[in-house]
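Here is how the chains run, residue by residue.
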Amino acid sequence: MSGQLYLCATPIGNLEDMTFRVVRTLKEVDLIAAEDTRNSLKLLNHFEIHTPMTSYHEFNKFPKGKELVEKLLSGMNIALITDAGMPGISDPGEELVAMAVEAGVPVTVLPGPAACVTALTLSALPTRRFAFEAFLPRDKKERRVILEELKTETRTIVLYEAPHRLLQTLGELKESLGGSRRITVCRELTKRHETAYRSTLEEALDYYTANDPKGECVLVVEGRDREELVKEEQDSWLSLSVEEHMRHYESQGISNKEAMKLVARDRGTTKREIYQYLVEHK
């Protein structure tokens, strides 16, 4: 019978956020897989946890993941922890979970701190719908593609960023999304010097140009206004005449009746009005 993989959330700053369940589980499992064993040792010592550790991180995730799955299949119970927060969120733990599930190993989550959700709820921006992008890609081409996609994102956007790259990212977001877009820059979450700077992208760029940022950052950015986006799309179609708009769809093999429906939708009007216009301008 195989063991179980436990995904254990650890504090993102304040050690008092560690749950009783996580402490108990870390004491009871056979092995702890940690992103950085030196960093995690401080945490374990604080809670008097003496379970053996092994390293599992971005640079060994595939060979080490295979090794950990073999241990799980042999009956060992293993806890996975990251340096801070929930394993598997912007973290190689997602690979281990996939490998464990594929091998038929039971996996469970011990919930707790997560920087993305903590920042989102602190931001004072809409929380019902959000898009978590984690760190933007380093590759310039891929980064441009993601920034282009975010232009029309109507959900609140959550990003991670290191302090030394904050100005670059704020500048790129301002250029892509516009300087008036609201943003909350959260730093040092749950720590003594926690801050949530609420402003626009333009103001945030000016502020952090003058004030050197310190500590890991979570950026929570307002999504695009849906009504504004629909209006912009409708206005783009109005550059075509109704006849040109109809030909656009009919050239794709769409029937006249269906084309009228699509043209009406694009222009924010009714099919009857499009029909009437075409009759009058025949």
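Scroll up a little and you will see the structure.
Residues numbered from 1 in each chain as written. Predicted model: local features only at pLDDT ≥ 70, side-chain atom pairs only at ≥ 80, totals over all residues. Heavy atoms only, no water.

J.: Honestly, the sheet that holds strand E9 (residues 195-200) in this entry has me stumped. Any pointers?
T.: Strand pairing within a sheet occurs via backbone hydrogen bonds; the two strands may be parallel or antiparallel. Spatial strand order, E6-E7-E10-E8-E9: five strands in an open sheet with mixed pairing. Two strands lie at the open edges of the sheet, namely strand E6 (130-135) and E9, each paired on one side alone. On average, each strand axis in the sheet is tilted by 15 degrees relative to the strand beside it, whichever way the strands run. Both strand E8 (residues 182-187) and strand E10 (residues 217-221) contribute to a ladder of five bridges, which runs antiparallel. Residue pairing for E10: Cys-186 is matched across the bridge by Val-218. Running at roughly 10 degrees to E10, helix H7 (residues 166-177) makes contact with strand E7 (156-161), E8 and E10 of the sheet. (Pairing = 2+ DSSP bridges. Helix = DSSP H or I, 4+ residues; strand = E, 2+ residues; numbered from the N terminus. Axes fitted to C-alpha atoms, helices over the stretch in contact; angles between N-to-C directions. Contact = heavy atoms within 4.5 Å.)

J.: Help me understand the packing of aromatic side chains, please; the structure alone is not making it clear to me.
T.: Aromatic ring pairs are defined here through the distance separating the ring centres and the angle between the ring planes. Within this structure, the stated rule accounts for six aromatic pairs. Pairing Phe-135 with Tyr-160 gives two aromatic rings, centres 5.7 Å apart and planes at 65 degrees, and the pair type is edge-to-face. Of the two residues, Phe-135 sits in strand E6 while Tyr-160 sits in strand E7, which places them 25 residues apart along the sequence. With 6.1 Å between their ring centres and 35 degrees between their planes, Trp-237 and Tyr-249 make a pair best called tilted. Separated by twelve residues along the polypeptide, Trp-237 in helix H9 (residues 226-237) and Tyr-249 in helix H10 (residues 242-250) bring together distant segments of the chain. One aromatic cluster in this structure is built from Phe-132, Phe-135 and Tyr-160. (Phe/Tyr/Trp six-rings, centres within 6.5 Å; stacked < 30°, edge-to-face > 60°.)

J.: Can you help me understand the sheet that holds strand E4 (residues 78-81) in this one?
T.: Here we have five strands laid out as an open sheet, ordered E3-E2-E4-E1-E5, and parallel in their pairing. Two strands close off the open sheet at either side, each with one partner strand: strand E3 (53-55) and strand E5 (107-110). The mean inter-strand angle of the sheet, taken between neighbouring strand axes irrespective of direction, is 25 degrees. Here strand E2 (residues 31-34) runs beside E3; their pairing, made up of three bridges, is parallel. Bridging from a neighbouring strand, Ala-34 pairs with Ser-55 of E3.

None of the figures reported here should be taken as evidence of function without further support.
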